[in-house]
Amino acid sequence: MAILVIAEHDNASLKAATLNTVSAAAKLGGEIHVLVAGANCAAAAAEAAKVAGVAKVRVADAAHYESQTAENLAALVVANAAGYTHILAPSTAIGKNVAPRVAALLDVAQISDIVAVESADTFVRPIYAGNAMATVKSADAVKVLTVRTTAFEAAGQGGAAAVEAVAAGADLGLTSVKGRELTKSARPELGAAKIIVSGGRGLGNSENYHKLLEPLADALGAALGASRAAVDAGYVPNDYQVGQTGKIVAPQLYIAVGISGAIQHLAGMKDSKVIVAINKDPEAPIFQVADYGLVGDLFEVVPELAKAVG
Amino acid sequence: MKILVPVKRVVDYNVKVRVKADGTGVDIANVKMSMNPFDEIAVEEAVRLKEAGVASEVVAVSCGVAACQETIRAAMAIGADRGILVESDAELQPLAVAKLLKALCDKEQPTVVICGKQAIDDDSNQTGQMLAALMGWPQATFASKVQLGDGVATVTREIDGGLETVETKLPAVVTTDLRLNEPRYATLPNIMKAKKKPLDTVKPADLGVDVAPRLATLKVAEPPKRSAGVRVADVAQLVDKLKNEAKVI
Amino acid sequence: MSHYTAPIRDMQFVMRELAGLDEVAKLPGCEEVSPDLVDAILDEANKFASEVLAPLNRTGDQEGAKWDNGKVTTAPGWRDAYKQFTEAGWTAVACEPEFGGQGLPKLIATAVMEMWKAANMAFSLCPMLTNGAIEAITLSGTDEQKAAYLPKMVSGEWTGTMNLTEPQAGSDLAAVRTRAEPQGDGTYRIFGQKIFITYGEHDMTDNIVHLVLARLPDAPEGVKGISLFVVPKFLLNADGTPGARNDVHCVSIEHKLGIHASPTCVLAFGDNGGAIGTLVGEPNRGLEYMFIMMNEARFAVGMEGVALAERAYQHALAYAKDRIQGTEMGVRGGPKVSIIRHPDVRRMLMSMKSQTEAMRALAYVVAAANDAAHRSADAAVRAENQAFVDLMIPVVKGWSTENSIDVASTGVQVHGGMGFIEETGAAQHLRDARITTIYEGTTAIQANDLIGRKIAREGGVTVKALAAEMRGVLAQLAEQQGDAFVAIRKSLESGIAALESAVEYIVATYGKDIKAASVGSVPFLKLLGIVSGGWLMARAALVSARRLAEGSDDEFYKTKLVTARFYADHILSQAPGLSYAVVNGAAGALELDEAQF
Ligand SMILES: Cc1cc2nc3c(=O)[nH]c(=O)nc-3n(C[C@H](O)[C@H](O)[C@H](O)COP(=O)(O)OP(=O)(O)OC[C@H]3O[C@@H](n4cnc5c(N)ncnc54)[C@H](O)[C@@H]3O)c2cc1C
Ligand SMILES: Cc1cc2nc3c(=O)[nH]c(=O)nc-3n(C[C@H](O)[C@H](O)[C@H](O)COP(=O)(O)OP(=O)(O)OC[C@H]3O[C@@H](n4cnc5c(N)ncnc54)[C@H](O)[C@@H]3O)c2cc1C
């Protein structure tokens, strides 16, 4: 029994998502092979060979795998699927694009975004935007899975897998990538952001708000929010306001800086996955909802934090 | 050019679903149902293509219970020309739906199928890709811009960290992301007209498709609750927790 | 933030189970109406109401409409929303197909209207007044007037207004002084000042069509001397497009307690030689036409009561679930709980909810009767339904609006101190509701109409028939098992008895002592509303029990049963007290000499 992990990489290097996927694969029990399909992707393949737990790296190196379009990639996976009980890809744009195509070509179901492995055929995955967790069991001979990377540890280093070339398939010529525009500037919008850095009256004035919070937000790729007191005091415009009478947000991470945690503020952010509070008052109510509370002077803590995550 | 748009009937996005006490699923009895929002975007895109003179006909398809007719009518109210209901009371998983759609594509011969990228109930994000696989067509998923040319589609896709522009041969499957467009409000005259547009009903058996589920749901549970918070001593510990315990940065 | 979602389930229930949507669908001209069409319309209207209109409600209140040198700028977002509203065809729901309307029954239009009003009452007034003007022209206009104005008004391209009120003529329209001078070419020049004209001026459309009450030179005094004119803001060119500016100008707008975003205008006609208008219908019959149309407008204002009550309830409910205060009664050392756990907060919420549902039920039943009154092929059916509609319009108007103030006020109370703070938004509903008992005829005017024209004049025939119909439900209630039905039946029975004795008193007293009868007119109006609401809530309970017995486990039916019981115990139980006031209350009200006040 062997397991195939479709590597996420950019030819030059392996993406971290692959490591989490390898960890998920390791929970299934079986020899783990990693498929690196790319163009001039030897460096990525070499990295994959060093991942702990990987038994074999299979490399398909051809120009038409350069951008890992789903059509060519899926055909390659299917051509090499024999002998595998499981085929895994991370739940990334590439993984989500290719895995269902592979599954359909194999005439098996695909299981998306697994967060836990119960057994070789039983998995846990979120449904209804994470408001419920379903445990599903597959009756198919081959299980094609995508893996929610945040739910699994990253596999360590120290492996020494054999690297083996795989014959490239034909270029199907169905899709070609014309260009990519990778954004790295503007902050995400408050409602859609995965991370929000939010500031309150503790910041003292508008200048401090920007001087302290912007570097932290930039380092985290976060959106900026504010308490009403901060908005009222003119630190930021009112569309920054989070709370009962402002925006309701539920990011993965909400960092409340100098915010006391009034009930009206909490109403707008209490569904955030992880809440961090930075406040000098140990009795501030915000600490009652915070997963991680740091009692301290924000003027010291915030720059330090920005540096640590930058 | 004909465009086929699959539309799914799902629990309305405003409804916060509750897990049933017996853990067999979520309680959707008497809950408001609506068209999957991504599918609404797909219908809107198809109708815009028709209004721009690029497409000549927009066909909305829904697979599921009889009430999916409402979803098809909603698509017609936005501007789809006719509808096909593949009626089945069985649980239809993405592979089965893809097979049903394939059978319809074989019959209807659309140039483009525009699907929502995922349904907000099972969050699978599979059907469009599977259909493309079964048809042997290219796929342009997570589209934020679609241009149809002669035999090719130019699609801007939302990928991790940015955008990617691809050219695909037609026929193809496109799946929609949120930023592709903002669906219009159906107008009252169009809601009324939708009533009169043709809607055919077929059964999976008529299409020769076996829709038996491949996955069994053993249990549905509430997501884990927030664990009691902790105080961290300093920035270093905070960063460590965020990286390694919460895994949010 | 206050969200609004239309109570679609209750709307469907009332339409189908109480108002007889199926029967309405059988009426001539309603062939297209089917449950799924209705559902599709409700769904889409809800989307528009909750996503487009509701978010503007608060900013509209804060910013209001602005007047500058004769021009009125509507609140931010209004123009866009209005454009979307017209493009989506919502102006035309019940209008005549001949002029571009959808010709849908009033019952459907009513549910849709409730959504606009609940989402954003200040906005909803514009299409409401336009509808009134459309109605007046449709009923009494000439073919030329219809062709010139109706298509544009039905599509929403132009809006309409109703110009009745003048500084000295409010409730008493006989005092209207605005003059109309014939030009000899079929047109008239209008001179005078109208006040309180809703959407009399705004920036959302290219033209505004004013319907104006005025007197001809040779007109008799009083109500029999008032004629109706159509006076456009811009005169029409030969091709029907807006041309020269007419001599009607907005002199100022009012600063108000509520509906800040609805411009309430002072309009000056004829400052520069006369505003040109044309006569609608025959001379001196303007008030008569207005009254036909006013039924519609009064009903619509009644719907404002229903809508605001619903909105206030939704607002208060969300807060009550969220606000943590105190521990649960009877639980020692228990955790802090949401205030919805406190018995008095529950009582408040239930009183809001049950009254809102009862008002909705009555309004929709009247809407369906209105459809039958207009569309039935059978003249007897038409007449019977018209009598019921005529009887109940003042009740829908007066009772629903008076209640909406109470309900919105209770909503403030649920919020505690926060309710008194504008930011919470609860106070806006109360402020907005406050106008509804005043315009389109104050509650007193409704009540005068009710006991005079609608009851005393015909010896109470229609209202007695209604009471008899209500009695029919008692037998059905008696067949049901359980405490709830015993309570509902008892309360309904004494409510009907209270109504009957009040009717007897009014019929007997009106002719000989109109003042004594009139002291009780508003209490009587409330009495009739409360008992009618109780009757319909009882019917709702019966339907729910039947559905549950058939095997449904829909929470909706279970909730309805409890709500009906609450209504019977807490609201319907007030009927005997009101009846007592009607029958015995004259002396105390009339005895004081003016100087003694
Ligand atoms: C009707 C109504 C609606 C409302 N809606 C909202 C809403 O939508 N959103 C909202 O946010 N609020 C809302 N409020 C206001 C809310 O009640 C609070 O007043 C507000 O949230 C307080 O903002 P704050 O936490 O920034 O300020 P404060 O309560 O003043 O808290 C400032 C915090 O900063 C800390 N601090 C100060 N200096 C430092 C330092 N050097 N280092 C670290 N910490 C420091 C203090 O210990 C304190 O905890 C509403 C209020 C009402 C009445
Ligand atoms: C915001 C707003 C919008 C309006 N929009 C319009 C509009 O678009 N077009 C338009 O023409 N008018 C409009 N009006 C005017 C409205 O219809 C009148 O204000 C209303 O009819 C009451 O008249 P009044 O203000 O003169 O009050 P009055 O008639 O002076 O009434 C004062 C009090 O006396 C009572 N009363 C008066 N007569 C009697 C009676 N016979 N029996 C018992 N009680 C009596 C009333 O009930 C009231 O309590 C609007 C008013 C407002 C405030």
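With an unreviewed UniProt entry as reference, chain C is termed Acyl-CoA dehydrogenase, source organism Aromatoleum toluvorans. Word for word, the UniProt comment on chain C under Cofactor (unreviewed entry) is "FAD". The heading Sequence similarities (unreviewed entry) in the UniProt record of chain C holds the text "Belongs to the acyl-CoA dehydrogenase family."

Going by the annotation in an unreviewed UniProt entry, the name recorded for chain A is Electron transfer flavoprotein subunit alpha/FixB family protein, with Aromatoleum toluvorans given as the source organism. Listed under Sequence similarities (unreviewed entry) in UniProt, the entry text for chain A is "Belongs to the ETF alpha-subunit/FixB family."

Draft legend 1. Molecular detail of the environment of Ser206 of chain A. Residue and element names in this part refer to chain A. Inspection of the secondary structure puts Ser206 in helix H5 (residues 206-220). Separated by 141 residues in the primary sequence, Ser206 and Tyr65 place their C-alpha atoms 50 Å from one another. Those residues in contact with Ser206 that lie beyond four places of it in its chain are Gly234 and Tyr235. Polar side-chain contacts of Ser206 include one of 3.1 Å to the backbone oxygen of Tyr235.

Draft legend 2. Region of the structure containing the packing of aromatic side chains. Under the criterion given, the structure shown has 14 aromatic pairs over all chains. Pairing Phe13 of chain C with Phe556 of chain C gives two aromatic rings, centres 5.1 Å apart and planes at 55°, and the pair type is tilted. Note that Phe13 of chain C is positioned in helix H1 (residues 8-18) and Phe556 of chain C in helix H18 (residues 555-571), a separation of 543 residues in sequence. Judged by its relative accessible area of 15%, Phe556 of chain C is buried. What links up through ring pairs into an aromatic cluster is the set Tyr185 of chain B together with Phe48, Trp78, Tyr82, Phe85, Trp90, Trp116 and Phe123 of chain C. The ring of Phe142 of chain B carries the charged tip of Lys117 of chain B above its face, separated from the ring centre by 5.8 Å. The ring of Phe291 of chain C carries Arg453 of chain C above its face, with NZ or CZ at 5.7 Å from the centroid.

Draft legend 3. Local environment of the site of ligand 2. Residue and element names in this part refer to chain C. Surveying the vicinity of ligand 2 reveals 20 residues, the closest of which are Thr165, Ser171, Phe196, Thr198 and Thr442. Separating a nitrogen atom of ligand 2 from a side-chain N or O atom of Thr165 is a distance of 2.6 Å. A total of 970 Å² of accessible area belongs to ligand 2 in isolation, and the protein chains cover 63% of it. Those elements that provide at least two residues to the shell around ligand 2 are strand E3 (159-163), strand E5 (187-198) and helix H13 (443-455). By residue class, the composition of the shell around ligand 2 is 10 nonpolar, eight polar and two charged.

Draft legend 4. Layout of the UniProt feature "domain: Electron transfer flavoprotein alpha/beta-subunit N-terminal" (unreviewed entry) in chain A. Taken from the UniProt record, the annotation "domain: Electron transfer flavoprotein alpha/beta-subunit N-terminal" (unreviewed entry) applies to residues 3-181 of chain A. Secondary structure over residues 3-181 of chain A splits into 24% helix and 36% strand, and the C-alpha atoms at its two ends are 34 Å apart.

Draft legend 5. Just the UniProt feature "domain: Acetyl-CoA dehydrogenase-like C-terminal" (unreviewed entry) in chain C, in detail. Listed under "domain: Acetyl-CoA dehydrogenase-like C-terminal" (unreviewed entry) in the UniProt record, and renumbered for this structure, are residues 467-593 of chain C. Taken end to end, residues 467-593 of chain C comprises 85% helix and 0% strand; its first and last C-alpha atoms sit 38 Å apart.

Draft legend 6. Molecular detail of the side chain of Ser262 of chain C. Residue and element names in this part refer to chain C. Residue position: Ser262 is located in the loop between strand E10 (248-253) and strand E11 (264-269). Judged by relative accessible area, which is 0%, Ser262 ranks as buried. Setting aside residues no more than four positions away along its own chain, Ser262 makes contact with Ala122, Leu125, Thr198, Tyr199 and Lys256.

Draft legend 7. Looking closely at the UniProt feature "domain: Acyl-CoA oxidase/dehydrogenase middle" (unreviewed entry) in chain C. UniProt feature "domain: Acyl-CoA oxidase/dehydrogenase middle" (unreviewed entry): in the numbering of this structure it lies at residues 162-270 of chain C. Annotated as 0% helix and 46% strand, the span residues 162-270 of chain C places its first and last C-alpha atoms 17 Å apart.

Draft legend 8. Main features of the sheet that holds strand E13 (residues 223-226) of chain A. Ordered in space as E13(A)-E12(A)-E14(A)-E15(A)-E16(A)-E15(B), the six strands form an open sheet in which the pairing is parallel. Looking at strand neighbours, the two that pair on one side only are E13 of chain A together with strand E15 (230-232) of chain B, the edges of this open sheet. Ignoring strand direction, the axes of neighbouring strands in this sheet form an average angle of 25°. With four bridges joining them, strand E15 (residues 274-279) of chain A and strand E16 (residues 292-295) of chain A adopt parallel strand pairing. Across the sheet, Val276 of chain A pairs through a bridge with Tyr292 of chain A, a residue of E16 of chain A. Seen against the sheet, helix H6 (residues 235-245) of chain B touches strand E14 (253-257), E15 and E16 of chain A together with E15 of chain B and runs at an angle of roughly 170° to E16 of chain A.

Calculation rules
Residues numbered from 1 in each chain as written. Chains lettered and ligands numbered in written order. Predicted model: local features only at pLDDT ≥ 70, side-chain atom pairs only at ≥ 80, totals over all residues. Heavy atoms only, no water. UniProt positions renumbered as here; feature names shortened; annotations may be inferred. Helix = DSSP H or I, 4+ residues; strand = E, 2+ residues; numbered from the N terminus. Contact = heavy atoms within 4.5 Å. Polar contact = N/O pair within 3.5 Å; in protein donor to acceptor, adjacent residues only side chain to side chain. Phe/Tyr/Trp six-rings, centres within 6.5 Å; stacked < 30°, edge-to-face > 60°. Buried < 20%, exposed > 50% of the residue type's maximum accessible area, 1.4 Å probe, protein only. Lys NZ or Arg CZ within 6 Å of the ring centre and 35° of its normal. Near = heavy atom within 4 Å. Areas by Shrake-Rupley, 256 points an atom, 1.4 Å probe, with all protein chains shown as cover. Nonpolar A, V, L, I, M, F, W, Y, C, P; charged D, E, K, R; others polar. Pairing = 2+ DSSP bridges. Axes fitted to C-alpha atoms, helices over the stretch in contact; angles between N-to-C directions.

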